[in-house]
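# Chains, contacts and geometry: an overview
Here is how the chains run, residue by residue.
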Amino acid sequence: MMKTAILTTTIILVASPTLAETVAELHEKELNAIDSNNDGFLSKDEFNAFSDYAFQAMDEDKNGTLGLDEAKPFLDIKRFQNVDRNNDSFISRSEYDQQMGDDFLAADQNGNGQLD
C-alpha cells in the first residue's frame, strides 16, 4: 500500500511539467506518507527522502539507473528524454536528483524551502 502511494506520487511529481500545480492534487494519504513530521508541509529534507525512496522503488534491477522499461510506467518517452540529460537512454541517479531538485525549486514559489 505504501509503495503504491509513493509511486503514485512519483508519477504526479516527476511526470508533471509544473510541480507547483500538482502538489495540491496529491491525496491526503499520499502527502501524509511524505510529510514525516506531519506539519502539513513538505520540507526539502522530506522531499529528498521521498525522492530517494521513489528512485529506489523504480530501480527494479538495483543498478543505480532507470532504463526506459523501468521508467515507462511513470514517465512518457518525452519526459524520460528530458530527464535523461546526457541522452544515454538511462536516467542516472544524478540526473534524477537534479530533476527532482529543479521541480522542488519550481514548486517552492515563495522560496521558504517547503511546499505548502
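Residues numbered from 1 in each chain as written. Predicted model: local features only at pLDDT ≥ 70, side-chain atom pairs only at ≥ 80, totals over all residues. Heavy atoms only, no water.

Moving on to helix α4 (residues 44-58). In this model α4 runs 21 Å from its N-terminal to its C-terminal C-alpha over 15 residues, within 8% of the 21 Å that 1.5 Å per residue would give. If you check which residues of α4 are buried, you get E46, F47, F50, S51, A54, F55, A57 and M58. The buried side chains of α4 occupy one side of the element, clustering within an arc of 165° when seen end-on. (Helix = DSSP H or I, 4+ residues; strand = E, 2+ residues; numbered from the N terminus. Expected span 1.5 Å × (residues − 1). Buried < 20%, exposed > 50% of the residue type's maximum accessible area, 1.4 Å probe, protein only. Arc of directions from axis to C-beta.)

The next thing to look at is the nonpolar core. In this structure, L66, L75, I91, Y96 and L115 are the most contacted members of the largest nonpolar core, which totals 19 residues. Mapped by element, the contributors of at least two residues to this core are α4, α6 (77-83) and α7 (93-107). With 5 residues, α4 is the single largest residue contributor to this core. (Core = buried A, V, L, I, M, F, W, Y, C linked by side-chain atoms within 4.5 Å.)

Within the fold, K72 resides in the loop between α5 (68-71) and α6. Using a relative accessible area of 51% as the deciding quantity, one classes K72 as exposed.

Below, the discussion takes up the packing of aromatic side chains. Following the criterion strictly, the structure yields 3 aromatic pairs and no others. For the ring pair F47 and F50, a centre distance of 6.1 Å and an interplane angle of 55° mean the geometry is tilted. With F47 and F50 both in helix α4 and 3 residues apart, this pair spans about one turn of that helix. Taken as a pair, F47 and F50 share a single burial class, namely buried. Here the aromatic rings of F47 and F104 are separated by 5.1 Å at their centres, their planes lie at 50°, and the arrangement is tilted. Here F47 is found in helix α4, whereas its partner F104 is found in helix α7, with 57 residues between them in sequence. Judged by its relative accessible area of 1%, F47 falls in the buried class. Cluster of aromatic residues (ring-pair linked, three or more members): F47, F50 and F104. (Phe/Tyr/Trp six-rings, centres within 6.5 Å; stacked < 30°, edge-to-face > 60°.)

Geometric descriptors of this kind do not, in isolation, establish any biological role.
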